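# Residue-level structural notes
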Amino acid sequence: MTCRRMPQINITLDPNQETDMSRRPNVLWLMADQFHHLCTGYAGHPNVKTPNLDWIAQRGVTFTRGFANNPICPPSRICFMTGQYMHTHGMFGNNHAEWPEPEPDTLACLFRRYGYQGGLFGKAHMIRRWDEDAFESIRYTDLCDALRGDPETTHYFKHLTDHGLGDLYEEGSTKPGQAYTLDGSAPAKLPYEHSIEHFTGSETVTFLEERDATRPFFVHMSFQRPHAPIAPAPEYFDLYDPKDMVLPDSAFDYFENGFASKPAFMRKRLAKGCGYPLADPNQDRLKRCLASYYALITCIDMEIGRVLDALREQGELDNTIIFFTADHGDFAGEHGLFHKNFGIYDSIQRIPFLLSWPGGPGNTTCDALVESIDLYPTLCELCDVPLPPGREGISLVPVVDGRAPGKDAVYCEWCWLNRKVSAIRTENARLVFYGGEEGGELYHHSDDPGETRNLWDDDEYQALKMDLLQRLLEFTQRYRPTTDSNHDRAIDQ
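First things first, this report covers the structure right here in the doc.

Calculation notes
- Residues numbered from 1 in each chain as written.
- Predicted model: local features only at pLDDT ≥ 70, side-chain atom pairs only at ≥ 80, totals over all residues.
- Heavy atoms only, no water.
- Pairing = 2+ DSSP bridges.
- Helix = DSSP H or I, 4+ residues; strand = E, 2+ residues; numbered from the N terminus.
- Axes fitted to C-alpha atoms, helices over the stretch in contact; angles between N-to-C directions.
- Buried < 20%, exposed > 50% of the residue type's maximum accessible area, 1.4 Å probe, protein only.
- Polar contact = N/O pair within 3.5 Å; in protein donor to acceptor, adjacent residues only side chain to side chain.
- Contact = heavy atoms within 4.5 Å.
- Parallel < 35°, antiparallel > 145°, perpendicular 65-115°, else oblique.
- Core = buried A, V, L, I, M, F, W, Y, C linked by side-chain atoms within 4.5 Å.
- Nonpolar A, V, L, I, M, F, W, Y, C, P; charged D, E, K, R; others polar.
- Salt bridge = Lys/Arg side-chain N within 4 Å of Asp/Glu carboxyl O.

Taken in spatial order, the 4 strands line up as S12-S13-S14-S15 in an open sheet, and their pairing is antiparallel. Because the sheet does not close on itself, it has two edges, and the strands there are strand S12 (410–416) and strand S15 (439–444). When the angles between neighbouring strand axes are averaged without regard to direction, this sheet yields 10°.

Examined against the element boundaries, Thr 320 turns out to sit in strand S8 (residues 320–326). With a relative accessible area of 0%, Thr 320 lands in the buried category. Of note is the side chain of Thr 320, whose polar atom sits 3.3 Å from the side chain of Asn 26. Filtering out sequence-adjacent residues up to four positions away, Thr 320 remains in contact with Asn 26, Leu 28, Arg 59, Phe 217, Leu 311, Ser 356 and Pro 358.

Looking now at the packing of helix H2 (residues 51–59) against helix H11 (residues 283–314). At their nearest, the axes of H2 and H11 sit 7 Å apart, and the two run at 55° to each other. When the axis of H2 is compared with that of H11, the two are oblique. Side by side, H2 and H11 meet where Pro 51, Asn 52, Leu 53, Trp 55 and Ile 56 of the first sit next to Asp 301, Met 302, Ile 304, Gly 305, Leu 308 and Arg 312 of the second.

Residues Trp 29, Leu 107, Phe 111, Phe 218, Tyr 294 and Ile 304 are the most contacted members of the largest nonpolar core, which totals 92 residues. Apart from residues lying up to four places away in sequence, Trp 29 is in contact with Phe 80, Met 81, Leu 107, Phe 218, Val 219, His 220, Met 221, Phe 323, Thr 325 and Leu 375. Core analysis: the next-biggest nonpolar cluster, separate from the first, contains 21 residues, Tyr 254, Cys 274, Cys 412 and Val 432 among them.

Quick look at the environment of Gln 34 now. By the secondary structure assignment, Gln 34 is in the loop between strand S1 (26–33) and H2. Using a relative accessible area of 0% as the deciding quantity, one classes Gln 34 as buried. For the pair formed by Gln 34 and Thr 325, sequence separation is 291 residues and the distance between their alpha carbons is 9.9 Å. Each residue touching Gln 34, except ones within four places of it in the same chain, is listed here: Pro 226, His 227, Tyr 276, Tyr 293, Asp 327, His 328, Gly 329, Asp 330, His 339 and Lys 340.

Here helix H8 (residues 196–210) crosses H11 at 10°, and the two axes come no closer than 9 Å. By the angle between their axes, H8 is roughly parallel relative to H11. From H8, Glu 197, His 198, Gly 201, Ser 202, Thr 204, Val 205, Leu 208 and Glu 209 reach across to H11, where they touch Leu 296, Cys 299, Ile 300, Glu 303, Arg 306, Val 307, Ala 310, Leu 311 and Gln 314. Taken together, the residues that form the contact of H8 with H11 break down as 8 nonpolar, 5 polar and 4 charged.

With that settled, the discussion passes to the pattern of salt bridges. Side chains that differ in sign of charge can pair as their charged atoms come close. All chains considered together, the criterion is met by 32 salt bridges. The residue Asp 374 makes a salt bridge to Lys 407 at a minimum N-O spacing of 2.8 Å. Pair noted here: Asp 374 is in the loop between strand S11 (364–371) and helix H13 (375–383) and Lys 407 is in the loop between helix H14 (397–401) and S12, with a separation of 33 residues, a long-range link. Where Glu 451 meets Arg 430, a salt bridge forms, and the shortest distance between an N and an O atom there is 2.8 Å. Residue Glu 451 is found in the loop between S15 and helix H15 (462–476), and its partner Arg 430 is found in strand S14 (residues 429–435); the two are separated by 21 residues along the sequence. By relative accessible area, Glu 451 is classed as buried at 1%. Residue class for Arg 430 comes out buried when judged on its relative accessible area of 0%. Salt bridges here are not isolated pairs; linked through shared partners, they connect Asp 33, Arg 77, Lys 123, Asp 142 and Asp 327.

See the structure below:
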């Protein structure tokens, strides 16, 4: 196990905290990359099987309206880890490797200061320095987390090279010309025992077996998939038959409508089909992709089951908070498409959001609107860890038990099309603002839950459009400047 202990981080406990450590619950934060919120058994999916996630849902609360605050990896993950919107934390894109500043108040770093033993297993795709400051044990799987020019600082890749399998790394980014499997048409070349999923599960279980049992743990188990490559191990490639795949109701949006009501730039891109997002008039290709995607999800569920079994054997399961989510969604057949990076829709922004905690309610659903940034204050309340200033989320505990109302809107920010794109989602509507010639999109969920009829230019909905635009502008204006405000005020006088 790689153990990194950073001298600049003070983990000395206050004297009053020492005696409380044994009473603090453990934290198991489960995350998957690009996971559609309905692709689980507990959500009633007609195909995919997820018995272990179903068990977590039975044990806790299913938030049916959980939303990411950004539709791509690093900005979204940093929203979770900081409890802040993108316009506050400042990470707008995927270029995170050279981020210079430490951040002592990330969620994981805060919990380390309060005595938690942190472990990160899988894909971080955040800021490596932040990881090293916060987690005592780290086992990366994705080359995006490697030090520049040294792929073997990704632990999974080093594992493969040690076994003579480095050329079969499933990300395909270590050999020139080797590409992702984007359409699920072929299995991985690695057996399951050397798959990303199994490595992530094994390293997490090892940490739990070897950890300091006198301290609570904070484990972030972050699966690299079902994000591309859509390539299950050979043993599971045929787990689901493509012929049996049930396409979502909104699939006609591309197959029959050709995105007719969407902005012109979208229709132009899809006119002849494309590979990312996957848009192919042949529905069989989409079904094959879905079958492989679901196989990856079931493999992820299997590895979660291994970790749950380890906690049962240790007698720690009943003292562990479990949170399962994703950094963002995937079309997964919605609108007839697959993958992401194409607008902000419910299928992309909406994420699974399961939370179970000792003494909390079980087999409960909550329809309140919740966001990524709400995880931070929620875990602080559940673990009796003081919430630092500057967090923008709310604790979900009083929302679940009825002491506080939910939110009336959630937000998503993204840098796309060489500009910032923003979206607001209320209980019954979604507005996406592109600006310029691209305009925007407006959907009314009461009669169009699949977001297939764009009402942006519909005269009947202009009042709703202007109301949502005003609310979106008010949200955007709530950023905190990074310049010295006292100095600026002095110059102004």
